[in-house]
Amino acid sequence: MKRWSGTAGFHGRPAPVASSRLTSAIAASLALGALTLCLVVAVTVLSSNISMATSIPA
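What you are looking at is a predicted structure, and each value in this text was computed from that prediction instead of being measured. (Residues numbered from 1 in each chain as written. Predicted model: local features only at pLDDT ≥ 70, side-chain atom pairs only at ≥ 80, totals over all residues. Heavy atoms only, no water.)

> Give a description of the overall build of the protein chain that names residues and reports values.
When you go through the protein chain residue by residue, the secondary structure sums to one helix and zero strands. Looking at the 58 residues of the protein chain, the share that counts as buried comes to 0%. (Helix = DSSP H or I, 4+ residues; strand = E, 2+ residues; numbered from the N terminus. Buried < 20%, exposed > 50% of the residue type's maximum accessible area, 1.4 Å probe, protein only.)

> Tell me what's going on with the UniProt feature "transmembrane region" (unreviewed entry) in the protein chain, and back it up with residues and numbers.
As annotated by UniProt and renumbered to match this structure, "transmembrane region" (unreviewed entry) occupies residues 25–46. End C-alpha to end C-alpha, residues 25–46 measures 32 Å, and it is 100% helix and 0% strand. (UniProt positions renumbered as here; feature names shortened; annotations may be inferred.)

> Hey, could you go over a nonpolar patch on the surface for me, with residue numbers and the actual values?
Judged by side-chain polarity, Leu22, Ile26 and Leu30 come together as a nonpolar surface patch covering roughly 290 Å² of accessible area. In this structure leucine 30 comes out as exposed when scored by relative accessible area, which is 59%. (Patch = residues over 30% accessible without salt bridge, like charges linked within 9 Å, V, L, I, M, F, W, Y side chains within 5 Å. Areas by Shrake-Rupley, 256 points an atom, 1.4 Å probe, with all protein chains shown as cover. Salt bridge = Lys/Arg side-chain N within 4 Å of Asp/Glu carboxyl O.)

In structure tokens form, the structure reads like this:
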């Protein structure tokens, strides 16, 4: 059997699937989401430490 070049796998020419502006917008939104998630986790950790440090009146 003879295998034809470029018929299977990743040997062919890559085809663009989205514009560069769309790719940049998606990357920016993912970066913003990651930053927001980090800030939420930081605020949660700090608030839990503050609540543990305060004494509970009986």
